[in-house]
Amino acid sequence: VGKPKFTSERLYSGETPPGVVMGLAWTSMGGASLFVETILRRPLELDSKSEGSIEITGHLGDVMKESCRISYTVSKNLLMKYQKDNHFLDKAHMHIHVPEGATPKDGPSAGVTIVSALLSLALNHAIPNNVAMTGEVSLTGKVMPVGGIKEKTIAAKRAGVKTLILPEQNRKDFSDLPDFIRQDIDVHFVDHYTQLFSIIFPELDSRPASTASQAS
Amino acid sequence: VGKPKFTSERLYSGETPPGVVMGLAWTSMGGASLFVETILRRPLELDSKSEGSIEITGHLGDVMKESCRISYTVSKNLLMKYQKDNHFLDKAHMHIHVPEGATPKDGPSAGVTIVSALLSLALNHAIPNNVAMTGEVSLTGKVMPVGGIKEKTIAAKRAGVKTLILPEQNRKDFSDLPDFIRQDIDVHFVDHYTQLFSIIFPELDSRPASTASQAS
Amino acid sequence: VGKPKFTSERLYSGETPPGVVMGLAWTSMGGASLFVETILRRPLELDSKSEGSIEITGHLGDVMKESCRISYTVSKNLLMKYQKDNHFLDKAHMHIHVPEGATPKDGPSAGVTIVSALLSLALNHAIPNNVAMTGEVSLTGKVMPVGGIKEKTIAAKRAGVKTLILPEQNRKDFSDLPDFIRQDIDVHFVDHYTQLFSIIFPELDSRPASTASQAS
């Protein structure tokens with residue numbers, strides 16, 4: 001198989017700080033886990049009159065750069081629903097990076113991972129590093145199917161993932177996998193980000209039901 | 001026929017929120033339904049001194065990006081006619097996205113769909129997800145003919161569309177279609193956006209007649 | 001072997017001022033030492049309302065330019081942890097240059113060197129010119145492995161380096177080298193920049209333990 005493309009798979013072998021979430025990539029050489037990292041790039045000024053911004057690095061292609069901008073809008077709207085008074089994402093000047101810097105990456109399938117990283121940073125709430133996710137996100141938070149479910153599942157298990165979150169429309173792709181791949185991993189299927197939110201931030205998911213249905 | 005290019009056809013199988021409208025695309029592989037999504041990307045400040053803006057994503061070509069800007073101007077002018085005191089579109093910082101993020105899209109034929117999505121967001125009024133439309137829009141609101149009427153009609157029916165809105169100048173293209181394609185769908189032909197407005201927002205269409213003729 | 005690619009190896013044979021740090025490159029012609037230079041490009045105004053910036057030169061490729069931006073964010077976050085009241089990096093307009101200007105350079109492996117140069121400038125603290133380092137840095141300060149350990153080690157020794165800092169994940173690459181290369185050089189392996197900080201700024205490393213663990 002040769003040298004693995006992403007040696008960053010072991011990057012957060014200890015713990016992931018708030019703002020860092022594991023995603024899954026699908027390359028010509030198979031699946032790979034990767035980390036989306038987000039961090040403040042200036043001290044936060046919540047009473048600033050100017051709006052926040054994101055800087056993007058990681059040798060990303062145009063589709064993945066757009067995916068960062070879509071995820072930025074999605075995470076701001078979700079935070080408005082979950083924590084009306086939390087203006088972190090509106091005001092923060094943040095940096096989104098996807099190591100390794102020399103490996104070109106593209107595609108929309110890290111959408112849910114980028115949304116999760118931004119929300120994790122805004123909520124100052126770490127996500128366990130044995131949780132991984134993949135899925136394109138639409139502007140209203142819908143989770144759309146992606147390719148490479150088999151390769152990504154294998155990569156997730158290799159990285160020690162115990163909880164895997166996949167798009168609902170990829171349910172069949174997953175159930176078609178051989179038993180030995182599907183076993184020993186807890187898989188969730190979601191078709192809207194609000195469902196994913198409940199899985200990774202269970203203690204924060206206290207919205208009134210009316211808001212929940214509005215978001216779908 | 002192979003894998004459908006737009007798997008996002010089933011994206012809003014439930015309901016579409018305000019700001020989301022179904023359009024129709026014509027690709028080398030046939031017709032396809034797609035959704036234009038619009039949403040606020042910052043909390044709305046109606047008393048702000050600075051004007052609003054749009055951010056555009058979805059792997060759009062230059063013509064379609066310009067179509068977004070044309071539709072932005074058209075929708076602002078229409079809103080001024082219909083709801084003089086509604087300054088949403090003048091002040092809002094919005095995001096327009098057309099899933100899926102990895103599928104390149106171009107052309108002016110989503111013009112009426114983008115105008116409708118922006119108005120739906122500004123009026124906070126959802127459009128049923130069994131309504132689809134296609135048509136280029138001119139800066140004054142004229143609706144201009146587009147290609148692929150046959151393929152788009154087939155795609156609309158496949159997506160469960162009951163009401164199809166087409167440019168008046170495409171009437172002949174539609175009437176030339178075989179009966180089995182034309183049946184079971186309610187089709188409207190429009191040559192100005194004001195006619196389209198009456199169809200999708202019937203309860204909001206209370207302009208004085210003089211304004212109506214002015215707009216045509 | 002031909003003309004050495006980097007004649008700037010002897011550039012700082014005397015002393016390096018604050019803001020200048022020796023890195024190691026790996027070219028088709030073998031390893032080479034190089035210097036990352038940083039300096040103010042405008043008088044510092046700490047009470048300015050506008051944020052600082054970096055200008056980048058040195059015939060750098062896109063990955064290395066991104067590496068400068070990543071290192072900029074990393075160094076700002078580290079300075080916030082080590083010297084809460086030091087706003088140098090938030091406000092300074094700096095210039096990052098990597099001589100020689102005509103030699104193309106690329107890759108992410110100067111990450112730790114650029115972070116060190118920016119911190120050295122911000123802390124006004126010179127780093128001895130017999131210290132060299134190589135390693136990619138992630139947005140949260142993780143140090144990631146790089147290629148060319150053998151060639152870089154030889155180049156470091158040729159440049160008179162006594163202290164060499166390498167990524168932890170390159171430990172095996174180094175220990176596989178023949179004895180005569182490994183001798184007469186003091187090598188440190190780090191997997192987070194905070195460890196590197198302790199080595200090059202030992203007298204400044206007075207953070208409370210709780211902050212240290214937070215950063216890992």
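So, how was this worked out
Residues numbered from 1 in each chain as written. Chains lettered and ligands numbered in written order. Predicted model: local features only at pLDDT ≥ 70, side-chain atom pairs only at ≥ 80, totals over all residues. Heavy atoms only, no water. Disulfide = S-S within 2.5 Å. Buried < 20%, exposed > 50% of the residue type's maximum accessible area, 1.4 Å probe, protein only. Pairing = 2+ DSSP bridges. Helix = DSSP H or I, 4+ residues; strand = E, 2+ residues; numbered from the N terminus. Axes fitted to C-alpha atoms, helices over the stretch in contact; angles between N-to-C directions. Contact = heavy atoms within 4.5 Å. Buried area = accessible area lost by both parts, 1.4 Å probe. Salt bridge = Lys/Arg side-chain N within 4 Å of Asp/Glu carboxyl O. Nonpolar A, V, L, I, M, F, W, Y, C, P; charged D, E, K, R; others polar. Phe/Tyr/Trp six-rings, centres within 6.5 Å; stacked < 30°, edge-to-face > 60°. Lys NZ or Arg CZ within 6 Å of the ring centre and 35° of its normal. Polar contact = N/O pair within 3.5 Å; in protein donor to acceptor, adjacent residues only side chain to side chain. Least-squares fit on C-alpha atoms with pLDDT ≥ 70 in both.

A. Structural detail: the state of the cysteines. The full count for this structure, using the stated rule, is 0 disulfides over all chains. Left without a disulfide partner, Cys68 of chain C is nearest to the cysteine sulfur of Cys68 of chain A, which lies 20 Å away. Since its relative accessible area comes to 0%, Cys68 of chain C is described here as buried.

B. Summary view of the sheet that holds strand S8 (residues 163-167) of chain C. Residue and element names in this part refer to chain C. Read from one edge of the open sheet, 7 strands run S3-S4-S2-S1-S5-S8-S9, paired in mixed fashion. Each edge of the sheet is formed by a strand with only one pairing partner; in this case those strands are strand S3 (53-57) and strand S9 (186-190). For this sheet the average axis-to-axis angle between neighbouring strands, irrespective of direction, equals 25 degrees. Sheet analysis places strand S1 (residues 20-27) next to strand S2 (residues 30-40), joined by 8 bridges and oriented antiparallel. Paired with Val20 across the strands is Glu37, a residue of S2.

C. Representation of the interface of chain C and chain A within the structure. On the chain A side, the residues contacting the 19 residues of chain C number 26 residues. Here chain C and chain A share an interface that buries about 2,000 Å² over both sides, 58% of which is from carbon and sulfur atoms. Our enumeration of links across chain C and chain A arrives at 2 salt bridges. Of the residues assigned to the side of chain C that touches chain A, the class counts are 7 nonpolar, 5 polar and 7 charged.

D. Here's a closer look at the packing of aromatic side chains. By the definition in use, this model includes 12 aromatic pairs over all chains. An angle of 65 degrees between the planes, with centres 4.9 Å apart, marks the rings of Tyr12 of chain A and Phe35 of chain A as edge-to-face. Remark: Phe35 of chain A occurs in strand S2 (residues 30-40) and Tyr12 of chain A occurs in the segment before strand S1 (20-27); sequence separation between them is 23 residues. As far as the burial class goes, Tyr12 of chain A and Phe35 of chain A line up, both buried. Where Phe197 of chain C meets Phe201 of chain C, the ring centres are 4.9 Å apart and the plane angle is 50 degrees; that geometry is what we call tilted. Classification of Phe201 of chain C by relative accessible area gives buried; the value is 0%. One aromatic cluster is present, built from ring pairs that chain together Tyr82, Phe197 and Phe201 of chain A. In this arrangement the basic side chain of Lys76 of chain B is found over the ring face of Tyr72 of chain B, its NZ or CZ atom lying 3.9 Å from the centre.

E. Up close: the interface of chain B and chain A. With 26 residues of chain B at the contact, the number on the chain A side is 19 residues. Counting across the interface, chain B meets chain A through 2 salt bridges. A salt bridge links Arg69 of chain A to Glu55 of chain B, with the nearest nitrogen and oxygen atoms 2.4 Å apart. Where chain B touches chain A, the interface holds 11 residue pairs in polar contact (both at pLDDT 80 or more). Of all the elements in the fold, those that place two or more residues in the side of chain B that touches chain A are strand S2 (30-40), strand S3 (53-57) and strand S4 (93-97) of chain B. Here the side of chain B that touches chain A gets 4 residues from one element, more than from any other, and that element is S2 of chain B.

F. Representation of the relation of the copies chain B and chain A. Placing chain B over chain A gives an RMSD of 0.0 Å and needs a rotation angle of 60 degrees, together with 0.8 Å of translation along the axis. Viewed as a symmetry operation, the transformation between the two copies matches a six-fold axis. Identified as the residue of chain B closest to the rotation axis by C-alpha distance is Ser50 of chain B, at 11 Å.

G. Region of the structure containing the pairing of strand S4 (residues 93-97) of chain C. Residues and elements named next belong to chain C. Here 4 bridges tie S2 to S4, and the two strands are oriented antiparallel to one another. Its bridge partner lying in S4, Glu37 is registered against His97. For S3 and S4, the ladder comprises 5 bridges, and the chain directions are parallel. Pairing of Ile56 across the sheet is with Ile96, part of S4.

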